[in-house]
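Inside the fold
Residues per chain are reported as follows:
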Amino acid sequence: MNDSLPFSLGRVGVLAGNAFREAVRHHVFRFMTLFAVALILGCLGLGELNFGESEAKFIADFGQGALVLFGSILTIGTAVQWLGGDGEPRAVLTVLAKPLRRSEYVCGRFLGTWMVVLVFCALVTALLVGVLWTRTPAASVEAMHEAPLVGLGGVSLAGVAVAGALQAVKFGLLTAMVLLIASFAQTNLFALSVSALVLVICHLQYLARDSWQAGQGWIERLGGSLVGLVFPNFQLFGGGEWLEVGVGVSLVAAGRVAAYGLAYTAVFLVLAVWSFRRREI
Amino acid sequence: MPHDPTVTLLLVLWSRMVRPAAVVGITLVAAGWALRPLEVAAWKAQEGWWPKEGALGVAGAIGQGGAFAQLGGFRSLAADLLWLQANACWERRDLAGTKAALVLVEAVDPRPMVFWLNGARMIGYDMAVWRIEAQGGEEAVPAAVRRRLEVEQALAAAAHLERAFVHHPDHPLLHIEIANLQLQRLGDLSAAAEHYRRAAVQPEAPFYAARIYAELLRRLGREREAHDWLVALHPTLPPGNPYAMADTVLARIREMEARLDLPPSSRYAPGRD
C-alpha cells in the first residue's frame, strides 16, 4: 500500500495516458469503431425503409443506435480489464508495486478509458454529421448556413453533436460503474456479465420509477424505489431524441442531463476507489 | 477466548461481503435521493419519448429484436420493419396479425405520427369491413350487427389515437382523425366538432380544421356561434396562402349573416376591430 503518498494529478495523467494508448491498440477499439462506421455507411442503403420519419431522421437515429451499441461494448470491454481479475496477466500488480496510490490508479484508468470512448464518440458523431450533410438537399444546406439549428427533417446538426456528447457522458458513467464492478470481481467474465446486466437495468430503470410511483402494493413500490434510487436512468441520455435539439428539444434540458451523469460518475468513481483500496491483490 | 469457526465465518462474511455491499448500497441510495430532483426535471421533459411499462411488455414479445431496439437505439429501423409486417398482415386481411403488429410498432417507436394515423385508419375502417366479411359479407350480416361492428372498430381506433396523446400532446392531426371517426362512423357531431375545435386552436393546425368546426356548428344548429368563430378566424388568415381560403371564409360569413338576418351594424367588416 502506498496510500501515505500525497495524491498526484501528474501520476494520474501518466496512468491515463498509458491506459489510453493500451486501449487504442486493443482490438476492441478497432473493431467497434469499424463496426460503427460500417453500420452508419450501410444504413444509406436502407433509405427506402424510412416510412415513419424523414430520411435524415432515420439515418441520424440509426447512427445513434450504432454509437450506443458499439460504444457500450467498447466501454465495458475496455474498462473491465483494468482492475485485476484474470485479465492482462495481472498487469495491475506490476503497476501497483510502484509508489502509487490505488485511488490514482483507478482515476488514471478511468480517465484513460473515458478518453478512448470520447475519441470513439467524436469519430462516429463526425461521420454521422458528414453523412447527414451529404444526404441533405442543397436548399436545406443553404438554410443551415443562415441558421445552424435549422432542422433537416426534424434533425439538427447541433442536435447530432449534443446527442453524441450526451452519449459520451453516459459512457463516462458506465466506465465508472464497470470499474466499481471490476474492483471486487474475481474474474473478467463475472465483471463482463454483471456490467452488461447493469447496463440493461439502467436502461430500464425508468420502468422501476413508474412502479415506485404507481405500483400496486408496497412490495412493488419498495422494489421500484430501490432500483430507481440505486441505478441511474440511462434513458435520460436518449437514443435519438436529442437529435432534435434546437428543433424541438432545449439545450438546457441536455445540460441538466449532463450534470446528472457527471454527478453520478463522481459517486461511482469514489465507490470504485473505496472498493479497490480494500481489495487484496 | 475460544475460537468459534461459525463466528469467524460470520465475521469474514460481514467484513468482506455484507459491509461493502451495505456501504455501496446506502451510498447509491443517498446519491439517488440527492440527484432525484435533477432526474425528475430532466425526465419530465422527455417522458413521452419512451413507451410505458405495458407497452414494453408487448415489445418484449417480439424477442431480442425489440429489446435491441429499446436498448440500442435502433428504434426507427425496428419500427419500420414492424410497420412492414403490419402492412403485410393488412394485405392478407389478417385482423389479429395487423392488430398485434400495430401494438408492437406503437411500443417500439411511438414518435412517427404516420404510424398512429394510418394504424387508426386500419383499425377504424378496414377492420370493420374484414369482420363483416368474416361473418358472410354485407348481404348476409344484418344492418344492426354491421353497425355494431363499425362502432366497435371506430371506438377501438379512437382509443388507439388517445394513446398517442401521451407522446404527442394535443397534436392537431390526432384530434382531426378522432373527429373524422366521430363524424363518419359514430355519427356524433358534437364530439366531432369539439375535436375539430381542439385541433383548430393548436399552433400547427391545418387551416381546414377551423372551417370544418364552423360547418359542424352550423349543422348542429349553432349558426350564430359558427359565425362568431369565423369572424374571429378571418383576420388571422394569411391572404396570400391558398390553403387558408380567406375568401371562402368571408363568403361563408356573408351567407350566415344573411341566414341569421343580422342588422348591418352587427355584420362583419374586414379590417374593422
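So, how was this worked out
Residues numbered from 1 in each chain as written. Chains lettered and ligands numbered in written order. Predicted model: local features only at pLDDT ≥ 70, side-chain atom pairs only at ≥ 80, totals over all residues. Heavy atoms only, no water. Helix = DSSP H or I, 4+ residues; strand = E, 2+ residues; numbered from the N terminus. Buried < 20%, exposed > 50% of the residue type's maximum accessible area, 1.4 Å probe, protein only. Contact = heavy atoms within 4.5 Å. Areas by Shrake-Rupley, 256 points an atom, 1.4 Å probe, with all protein chains shown as cover. Axes fitted to C-alpha atoms, helices over the stretch in contact; angles between N-to-C directions. Parallel < 35°, antiparallel > 145°, perpendicular 65-115°, else oblique. Nonpolar A, V, L, I, M, F, W, Y, C, P; charged D, E, K, R; others polar. Phe/Tyr/Trp six-rings, centres within 6.5 Å; stacked < 30°, edge-to-face > 60°. Lys NZ or Arg CZ within 6 Å of the ring centre and 35° of its normal. Salt bridge = Lys/Arg side-chain N within 4 Å of Asp/Glu carboxyl O. Polar contact = N/O pair within 3.5 Å; in protein donor to acceptor, adjacent residues only side chain to side chain. pLDDT = per-residue confidence, 0-100. Core = buried A, V, L, I, M, F, W, Y, C linked by side-chain atoms within 4.5 Å. Patch = residues over 30% accessible without salt bridge, like charges linked within 9 Å, V, L, I, M, F, W, Y side chains within 5 Å. Left-handed = near helix turned anticlockwise from the far one by under 90°.

Okay, the overall build of chain A next. Each helix and strand counted, chain A has eleven helices and zero strands in total. With 281 residues in all, chain A has 57% of them scored as buried. Looking at chain A alone, contacts between residues at least 24 apart form 81% of all its contacts between residues at least 6 apart. Carbon and sulfur atoms form 69% of the exposed surface of chain A, whose accessible area is close to 11200 Å².

Regarding its fold elements, chain B presents twelve helices and zero strands. Going from N to C terminus, chain B has its helices and strands arranged as α-α-α-α-α-α-α-α-α-α-α-α. When burial is assessed residue by residue, chain B has 42% of its 273 residues classed as buried. Considering only contacts within chain B whose residues lie at least 6 apart along the sequence, 58% involve residues at least 24 apart. Surface summary for chain B: the accessible area is close to 14100 Å², and the carbon and sulfur share equals 60%.

The subject of this paragraph is the packing of helix α10 (residues 218-230) of chain A against helix α1 (residues 5-46) of chain B. Relative orientation of the contacting elements α10 of chain A and α1 of chain B amounts to 85°, with a least axis distance of 7 Å. With respect to α1 of chain B, the element α10 of chain A is oriented roughly perpendicular. Mapping the contact onto sequence places Leu-226, Leu-229 and Val-230 of chain A in α10 of chain A and Gly-25, Leu-28, Val-29, Gly-32, Trp-33 and Arg-36 of chain B in α1 of chain B. Residues that form the contact of α10 of chain A with α1 of chain B fall into these classes: six nonpolar, two polar and one charged.

What follows covers the packing of aromatic side chains. Aromatic ring pairs are reported here in terms of the distance separating the ring centres and the angle at which the planes meet. Taken as a whole and assessed by the stated rule, the structure comprises eleven aromatic pairs over all chains. Ring centres of Tyr-213 of chain B and Trp-229 of chain B lie 4.6 Å apart, and the angle between their planes is 80°; this geometry places the pair in the edge-to-face category. One end of the pair, Tyr-213 of chain B, is in helix α10 (residues 207-219); the other, Trp-229 of chain B, is in helix α11 (residues 223-233), with 16 residues separating them in the sequence. A connected cluster of aromatic rings, assembled from ring pairs, spans Phe-31, Phe-35 and Phe-70 of chain A. For Arg-102 of chain A, the ring lying beneath its charged end belongs to Phe-276 of chain A, and the centroid distance is 5.4 Å. Across the ring face of Trp-212 of chain A, the terminal group of Arg-36 of chain B is positioned such that the distance to the ring centre comes to 4.1 Å.

The next subject is the pattern of salt bridges. Residues and elements named next belong to chain B. Taken as a whole, this structure holds 21 salt bridges over all chains when the rule is applied. Among the ionic pairs, Glu-177 bridges to Arg-121, the shortest N-O distance being 2.9 Å. With a gap of 56 residues between them, Glu-177 in helix α8 (residues 172-186) and Arg-121 in helix α6 (residues 113-134) connect regions that are remote in the sequence. Of the charged contacts in the structure, one is a salt bridge between Arg-224 and Asp-228, with a shortest N-O distance of 3.3 Å. With Arg-224 and Asp-228 both in helix α11, this residue pair falls four residues apart, about one helical turn. For Arg-224, a relative accessible area of 41% corresponds to the partly exposed category.

Residue and element names in this part refer to chain B. The phi angle at Arg-93 is positive, at roughly 55°, despite the residue not being glycine. When you line up the elements, Arg-93 lands in the loop between α4 (75-91) and α5 (95-108). Residue Arg-93 is classed as partly exposed on the basis of its relative accessible area, which comes to 44%. Here the phi dihedral of Asp-170 falls at roughly 55°; this positive angle occurs in a residue that is not glycine. Looking at the secondary structure, you find Asp-170 in the loop between α7 (143-164) and α8. According to the relative accessible area criterion, Asp-170 is partly exposed, its value standing at 32%.

All names here are of chain A. Along the chain, the position of Gln-167 falls in helix α7 (residues 157-184). On the basis of relative accessible area, Gln-167 is assigned to the buried category, the value being 0%. Within the structure, the side chain of Gln-167 is placed 3.3 Å from the backbone oxygen of Phe-237, a separation counted as a polar contact.

Residues and elements named next belong to chain A. Mapped onto the fold, Leu-157 is located in helix α7. A residue is classified by how much of its surface remains accessible, and Leu-157, at 15% relative accessible area, is buried. Spatially, the C-alpha atom of Leu-157 lies 9.6 Å from that of Ala-60, the residues being 97 residues apart in sequence.

Another aspect to go through is the environment of Trp-229 of chain B. All names here are of chain B. Residue Trp-229 is classed as partly exposed on the basis of its relative accessible area, which comes to 22%. On a C-alpha basis, the gap between Trp-229 and Asp-247 in space is 15 Å, while along the polypeptide they are 18 residues apart. Each residue touching Trp-229, except ones within four places of it in the same chain, is listed here: Arg-197, Ala-200, Val-201, Ala-210, Tyr-213 and Ala-214.

As a further point, take the confidence of the model for chain A. Here chain A shows a mean pLDDT of 82. Residues at 70 or above account for 83%. Throughout residues 144-151 of chain A the model reports pLDDT below 50, and contacts reaching past four residues in sequence, or to other chains, amount to 18 contacts.

Take the nonpolar core next. Counting 86 residues, the largest nonpolar core has Tyr-105, Phe-120, Leu-132, Phe-234, Phe-237 and Phe-268 of chain A as its most contacted members. With 15 residues, α7 of chain A is the largest single contributor of residues to this core. When near neighbours in sequence (up to four residues on either side) are disregarded, Phe-268 of chain A contacts Leu-173, Ala-176, Met-177, Leu-180, Val-230 and Pro-232 of chain A together with Leu-28 of chain B. In this structure, Ala-86, Ala-101, Tyr-125 and Leu-181 of chain B belong to the second largest nonpolar core, which totals 30 residues.

Another point: the confidence of the model for chain B. Mean pLDDT over chain B stands at 87; residues scoring 70 or higher make up 88%. Within chain B, helix α2 (residues 53-61) of chain B has the poorest average pLDDT of any element, 47, and helix α9 (residues 189-200) of chain B the best, 96.

Okay, the side chain of Lys-170 of chain A next. Tracing the backbone shows Lys-170 of chain A in helix α7. Setting aside its immediate chain neighbours within four residues, Lys-170 of chain A contacts Val-68, His-203, Phe-234 and Phe-237 of chain A.

Attention now moves to a nonpolar patch on the surface. All names here are of chain B. Together, Leu-9, Leu-10, Leu-13, Trp-14, Met-17 and Val-18 line one region of the surface with nonpolar side chains, adding up to about 610 Å² of accessible area. As for its placement among the helices and strands, Leu-10 is situated in helix α1. Taking the relative accessible area as the measure of exposure, Leu-10 reaches 53% and is therefore exposed.

Let us look at the packing of helix α5 (residues 102-134) of chain A against helix α11 (residues 251-278) of chain A. Residue and element names in this part refer to chain A. Put simply, α5 and α11 touch, their axes get as near as 9 Å, and they point 140° apart. By the angle class used here, α5 and α11 are oblique. When the axes of α5 and α11 are compared, the crossing they make is right-handed. Contacts from Arg-102, Ser-103, Tyr-105, Val-106, Cys-107, Phe-110 and Trp-114 of α5 reach α11 at Leu-262, Thr-265, Leu-269, Ala-272, Val-273, Phe-276 and Arg-277. For the contact of α5 with α11, the per-class residue count stands at ten nonpolar, two polar and two charged.

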